[in-house]
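# A look at the structure
Now for the letters of each chain:
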Amino acid sequence: MTLLTGLCLYGSSIACKPAQQADQTTLLTGGMPPAAQKMLAGPFAGSAADLDILALFSIYDTIRQQQTNQTDLWKKLNERLLAAQTLDPWFADTYRLTIGLTAFHEQGASTAVELLSRGAKARSWDWELPFMAGYIAHDFLHDDARAYALMSEAIKRPDAPPLAVGLASKFLQSSEGTEASIHFLNYLKASMPAQYRDIIDARIKRLEKKRQSG
Amino acid sequence: MILNNIYIVAAFTLREILASPAFRALLAATALFAIMALAVSNLFLLETVKVQLDFLWLGMSLLGAGFSLFIGTTLMGHDITRGTASLFLPHMDRHSYLLGRTAGLTLALTLLLALMAVLSTATVAWGLEHALPDRAAGISLWSATIMGLFALLQSATILAMVLFTCSWATGVVEMMLFSSAFTLMAYLLPSVMSAITSSEVIAQVPAWSVAFIHTIDYLFPDMSGGQVALCIAHGLTLPTAELGWYLAGQCGYIITLVAAALLLFDRRDL
Amino acid sequence: MPAIVCQHIHKSYHHTCSLHDVSLTLEQGSVTGLLGPNGAGKSTLIKCLLGFVKPDRGTIITPAGTTIGYLPELARIPPSLSAWKMVQLACQLTHTDSTDQISSLLNTVLLAPRHWHKPLGTFSKGMRQRVALAYAIAGQPNWLILDEPMSGLDAMGRRQFLDILLDLNARGTGMLVCSHIVPDLVRLCNRVLLIHQGSMIDTIHISAHSMEEAAMLENRLIQTAGHDFE
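An account of the accompanying structure is given in this report. (Residues numbered from 1 in each chain as written. Chains lettered and ligands numbered in written order. Predicted model: local features only at pLDDT ≥ 70, side-chain atom pairs only at ≥ 80, totals over all residues. Heavy atoms only, no water.)

### As for the nonpolar core
Quick note on the threshold: The definition of a nonpolar core used throughout is a set of buried Ala, Val, Leu, Ile, Met, Phe, Trp, Tyr and Cys residues joined through side-chain atoms within 4.5 Å. Burial classes: relative accessible area under 20% of the type maximum marks a residue as buried, over 50% as exposed, and values in between as partly exposed (1.4 Å probe, protein chains only). A run of H or I in DSSP becomes a helix once it reaches four residues, and a run of E becomes a strand once it reaches two; helices and strands are each numbered from the N terminus. Just so you know, the domain bounds were taken from an automatic or database domain assignment. The contact rule is simple, with two residues in contact once any of their heavy atoms fall within 4.5 Å.
In this structure, B:Phe67, B:Phe88, C:Leu111, C:Leu133, C:Leu144 and C:Leu165 are the most contacted members of the largest nonpolar core, which totals 178 residues. Counting residues per element, this core draws most heavily on helix H3 (residues 48–81) of chain B, which supplies 16 residues. Here this core spans two domains, since at least three of its residues come from each of domain 1 (1–66 + 143–230) and domain 2 (72–141) of chain C. Setting aside anything within four residues of it in sequence, one finds B:Phe67 in contact with B:Ile17, B:Phe23, B:Leu26, B:Gly72, B:Leu105, B:Ala108, B:Leu109 and B:Leu112. In terms of nonpolar packing, the next biggest core, distinct from the first, is built from 31 residues, A:Ala112, A:Phe171, A:Phe184 and A:Ile204 among them.

This is the structure we're talking about:
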């Protein structure tokens, strides 16, 4: 009888419990400031970062379903990304989600650039992070000086695409003028591997033509 | 003669632990952690093998700590409070007895983590087979094994803390309470220290308190193996010199604590 | 073989005196009983003799070559271990490990061979106590120290246990027995030391091993314990 009463109570509580909102989700150290999370996670920073990313999935799911009060949810999402990065600065999924979710949201672009710039320092072998950070800085923040600095960082890294050279020169041209951009390309021509030279030459010719016409 | 006694106690300890339901539950939990690592990693987009390794490291560390804190403390506590030690001590000196117990516990811990390492290697092999190209660079089948060795070293450090605590504490509850508190502090101190000793904070506090904080930090073992595990999970190259000093430091700490435990156990009433 | 001698033993736990100036001599081959109310200091004295507890003052002289077997009042033995494995462990520790020796010890304590390989967890208290005795007498010690060996045993079990101990004594094993059961002590011992509040208050020599002696000893114990309530 006691067992039955207990089971009835427990069962009815499960049946009547409202669906949990993703913004209430607290996994491991969830919801705490990144520094506190890092302290509490101790030697399990990797797993704690993974759990932050899992929590982020559920926050994003709520954003998609919920039409109102999205600003708060986006703030929480950004906090989770920041926490995941603080815990494990090498984790590629954090940056993949930063690029995929945050960067294209009106309040998220500057956070994305910030996160990707810091990630670029940790993942020193990865050209994608400074490349994407530079692109977002140009396209969403219209900060070409920063975009140029990030793109020129991407160029220095192994396997960076030739497109990065063109973009870096474009950003420099827009922030510092055509002359600076030509100088930058001439410098690159001397320092970059041979396969980049044709693209650099073509870009220099275009800029010189523009300078002469303008 | 002494070695023979140590061997006999170690074999008895191993047999005793293997027969205990708690140890069997820990052995079963190794499979649970491997399955959990596989399940969770499937939710991620790019670095799935890294996620697997994160959870395998969590499993290894929790199993090692759980073994030391629950099985180690209970065994030593019963030895002292329920007279198991009195079966051996008329035939050998206390040093041989404690060393035999330590050896037996270490063997059982090694067995547990070896099983976890084998299952982890199988999980990583599956993960590498299904990982996206270039998203598991630097990770090999050995990664889980190396992680297992680190987990063994850290768990052995916790075991040494347990032995040290049991050598002076009275009663199983007291032993477990102090051992758990020391372990928790050892795990959390490195990250707390790095936060407290950051340049902004350190500028605000007097020099003597900084020295005090450092002294407390030195009393506890360096449990920053988690950073090493994170490097392994990302397939990054481990800095050899730092690693060497870390290993030397851990071994030195273990030897010091076991020696202190021997000295205290020799003097205590049973 | 010279005697085991304890001189002026003092021991305190947390400022509470447990043993106060206790001296005794244990002659080889004799059976000495330790009798006293709960908390009198009997177990502490035994633990001092075995080296489990360090006395605060006093000396314990154990002659070279003395081997002591010990039967604790309470020892947690892994329940999955068989009687055979348990006794084998004692034989390994005393370097007398052989199949014949283990069989002989288990026969000495009257344990039927069908129980030898069963786990100790399935044994009755009396059977476990006899296995513990087999463990204690492995390696043929000159001395046997027994702490409450017959507590919790039924009449049949006590009788069997006493017979085994008397047989061992007949073969030359000296014994120090700590017990609350006065008739058993009278049957087994040559003398009984009465201990109260950590001090040795009386030595009673047992000659007839009779019921009268048991009654006298019991009265003496009740008188001693009665003082605590006055």
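### What to know about the environment of B:Ser179
Residues and elements named next belong to chain B. We apply this condition: The definition of a polar contact used here is a pair of N or O atoms within 3.5 Å, where within protein one atom must be able to donate a hydrogen and the other to accept one, and adjacent residues in sequence count solely through side-chain atom pairs.
Among the structural elements, serine 179 can be located in helix H7 (residues 172–196). Considered as a pair, serine 179 and methionine 161 are 18 residues apart in the sequence and their alpha carbons are 6.6 Å apart. Those residues in contact with serine 179 that sit more than four places away from it in its chain are Leu69, Thr73, Val162 and Thr165. A distance of 2.7 Å separates a polar side-chain atom of serine 179 from the backbone oxygen of methionine 175.

### Considerations on the interface of chain A and chain B
Note the threshold: Put simply, buried area is the surface a 1.4 Å probe can reach on two separate parts but cannot reach once they are joined, added for both. In what follows, salt bridge is the name for a side-chain nitrogen of Lys or Arg lying within 4 Å of a carboxyl oxygen of Asp or Glu.
Each partner contributes to the interface: chain A provides 24 residues, whereas chain B provides 25 residues. When chain A packs against chain B, close to 2,200 Å² is buried across both sides, 71% of that on carbon and sulfur atoms. Looking at the side of chain A facing chain B, the largest losses of area belong to A:Pro43, A:Phe44 and A:Trp90, adding up to 28% of the total buried there. On inspection of chain A and its partner chain B, the count reaches three salt bridges. As a salt-bridge pair, B:Glu47 and A:Arg123 come within 3.1 Å of each other at their nearest N and O atoms.

### Some words on the pairing of strand S2 (residues 16–26) of chain C
All names here are of chain C. Inclusion rule: Two strands are counted as paired when DSSP detects at least two bridges linking them.
As paired strands, strand S1 (residues 4–13) and S2 are joined by seven bridges and run antiparallel to one another. Across the sheet, residue tyrosine 13 finds its bridge partner in S2, namely threonine 16. Connecting S1 to the antiparallel partner S2 that follows it, the hairpin turn spans two residues, and histidine 14 within it adopts a positive phi of roughly 50°.

### Quick notes on helix H3 (residues 99–108) of chain C
Residues and elements named next belong to chain C. Every buried residue of H3 is accounted for by Ile102, Ser103, Leu105, Leu106 and Thr108. Where the residues of H3 are buried, they touch helix H2 (83–93), helix H4 (125–137) and helix H5 (155–170). Trailing H3 by a residue or two, leucine 110 shows a phi angle of about 60°, which is positive.

### Considerations on the interface of chain B and chain C
Definition in use: Nonpolar residues are Ala, Val, Leu, Ile, Met, Phe, Trp, Tyr, Cys and Pro. Charged residues are Asp, Glu, Lys and Arg, and all others, Gly as well, are polar.
With 26 residues of chain B at the contact, the number on the chain C side is 25 residues. A buried area of about 2,200 Å², summed over both sides, lies between chain B and chain C, and 62% of it is on carbon and sulfur atoms. It is B:Leu87, B:His91 and B:Asp269 in chain B that bury the most area against chain C; as a group they hold 26% of the surface buried on that side. On the surface where chain B and chain C come into contact, there are one salt bridge. Here chain B is connected to chain C by seven residue pairs in polar contact (both at pLDDT 80 or more). Considering only residue class, the side of chain B that touches chain C consists of eleven nonpolar, seven polar and eight charged.

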